[in-house]
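Overview (structure and organization)
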Amino acid sequence: MRYWLMKTEPDVFSIDDLMRAPGRTSAWEGVRNYQARNFMRDGMKKGDRVLFYHSSTDPTAVAGTARVSREAYPDATAWQPGHEYFDRRSTPEQPVWMMVDVTFVEKFPVPVTLAELRTLPELREMMLLRKGMRLSIQPVTAAEFKAVLARARRLAKAAR
DNA sequence: GCCAACGTTGGC
DNA sequence: GCCAACGTTGGC
């Protein structure tokens with residue numbers, strides 16, 4: 001099993017939106033970056049675990065976890081003229097952009113903020129924390145995933 | 001809202 | 001194929 005981090009702006013799609021979605025499942029549409037697409041297309045397998053990251057918000061944080069519930073398939077929003085994710089290069093015959101489905105697993109009672117992630121020695125090498133890193137889909141190691149989860153548990157316990 | 005960092009585009 | 005210009009991301 002592999003581990004990933006997926007960024008989303010909560011104003012656009014949040015962990016609460018995923019929690020309330022039918023079947024607690026949603027397509028991850030709108031990825032328009034080749035590296036991110038390749039991670040979805042070539043790397044993501046059903047059952048992989050996902051850190052659900054809220055970006056462009058205050059504070060930015062890992063808000064919970066999800067799992068990959070459907071492997072890569074074409075992102076139909078790319079060939080819908082007028083759609084905000086429209087890209088004329090992509091057609092049903094030759095799709096350029098792909099997406100996966102993700103299913104809600106848990107929402108952390110206390111989000112693990114970016115500032116907090118930076119304090120964890122286990123995450124010293126984490127891709128997210130590298131300068132200039134803005135890739136919206138990133139691989140995460142098992143140890144990193146575990147460390148984030150452990151911190152979320154500890155924060156939840158302290159908040160009770 | 002600013003702006004550094006990065007990816008993409010397109011002229012040459 | 002180079003690289004300047006431009007657009008986007010995303011933390012602050």
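Parameters at a glance
- Residues numbered from 1 in each chain as written.
- Chains lettered and ligands numbered in written order.
- Predicted model: local features only at pLDDT ≥ 70, side-chain atom pairs only at ≥ 80, totals over all residues.
- Heavy atoms only, no water.
- Near = heavy atom within 4 Å.
- Polar contact = N/O pair within 3.5 Å; in protein donor to acceptor, adjacent residues only side chain to side chain.
- Nonpolar A, V, L, I, M, F, W, Y, C, P; charged D, E, K, R; others polar.
- Helix = DSSP H or I, 4+ residues; strand = E, 2+ residues; numbered from the N terminus.
- Buried < 20%, exposed > 50% of the residue type's maximum accessible area, 1.4 Å probe, protein only.
- Core = buried A, V, L, I, M, F, W, Y, C linked by side-chain atoms within 4.5 Å.
- Contact = heavy atoms within 4.5 Å.
- Salt bridge = Lys/Arg side-chain N within 4 Å of Asp/Glu carboxyl O.
- Phe/Tyr/Trp six-rings, centres within 6.5 Å; stacked < 30°, edge-to-face > 60°.
- Lys NZ or Arg CZ within 6 Å of the ring centre and 35° of its normal.

Around DNA strand B lies a shell formed by Asn-33, Tyr-34, Arg-89, Lys-131, Gly-132 and Arg-134. At 3.5 Å, a side-chain N or O of Arg-89 approaches a phosphate oxygen of DNA strand B. Split by residue class, the surface near DNA strand B holds 1 nonpolar, 2 polar and 3 charged.

As a further point, take unusual backbone geometry. Cis geometry marks the peptide bond from Asp-58 to Pro-59; its omega dihedral reads -5 degrees. Examined against the element boundaries, Pro-59 turns out to sit in the loop between strand S3 (49-54) and strand S4 (61-74). Positive phi, close to 50 degrees, is recorded for Arg-24, a residue that is not glycine. Within the secondary structure, Arg-24 is located in the loop between helix H1 (15-20) and strand S2 (25-27). Take Arg-24: its relative accessible area is 42%, and that puts it in the partly exposed class. Phi angles above zero are rare outside glycine, and Ser-56 is one such case at about 50 degrees. Locating Ser-56 in the fold gives a position in the loop between S3 and S4. Accessibility expressed as a relative area gives 55% for Ser-56, which makes it exposed.

Formed by 21 residues in total, the largest nonpolar core has its most connected members in Leu-51, Leu-117, Leu-123, Met-126, Leu-128 and Val-148. Within the residue set of this core, elements represented by two or more residues are strand S1 (3-8), S3, strand S5 (98-113), helix H3 (114-117) and helix H4 (142-159). Examining the composition of this core, we find that 6 residues originate from one element, H4, more than from any other. Residues within four places of Leu-128 in sequence aside, it is in contact with Leu-5, Lys-7, Tyr-53, Leu-114, Leu-117, Met-133 and Gln-138. Counting 20 residues, the second-largest nonpolar core is a separate cluster that includes Met-6, Val-31, Ala-63 and Ala-66.

The next thing to look at is the pattern of salt bridges. Side-chain pairing between opposite charges can occur once the charged atoms of the two side chains come close. Applying the stated criterion across every chain yields a total of 7 salt bridges. Between Asp-17 and Arg-20 there is a salt bridge whose closest N-O contact spans 3.7 Å. Taken together, the residues span about one helical turn, with Asp-17 and Arg-20 both in helix H1 at a distance of 3 residues. According to the relative accessible area criterion, Arg-20 is exposed, its value standing at 62%. Linking Glu-116 and Arg-151 is a salt bridge whose minimum nitrogen-to-oxygen distance equals 2.8 Å. Of this pair, Glu-116 sits in helix H3 while Arg-151 sits in helix H4, and the two are 35 residues apart along the sequence.

For the structure shown, the criterion picks out 6 aromatic pairs. When the ring of Phe-13 is compared with that of Trp-28, the centres are 6.3 Å apart and the planes differ by 85 degrees; the resulting orientation is edge-to-face. With Phe-13 in the loop between S1 and H1 and Trp-28 in the loop between S2 and helix H2 (34-43), this residue pair connects regions lying 15 residues apart in the sequence. Here Trp-28 falls in the buried class, since its relative accessible area comes to 8%. Ring centres of Phe-13 and Phe-52 lie 6.4 Å apart, and the angle between their planes is 45 degrees; this geometry places the pair in the tilted category. Of this pair, Phe-13 sits in the loop between S1 and H1 while Phe-52 sits in strand S3, placing them 39 residues apart in sequence. Comparing Phe-13 with Phe-52, the two get one shared label, buried. The rings of Phe-13, Trp-28 and Phe-52 are connected pair by pair, giving a single aromatic cluster. Of note, Arg-70 hangs over the ring of Tyr-73, and the distance from its end group to the ring centre comes to 3.4 Å.

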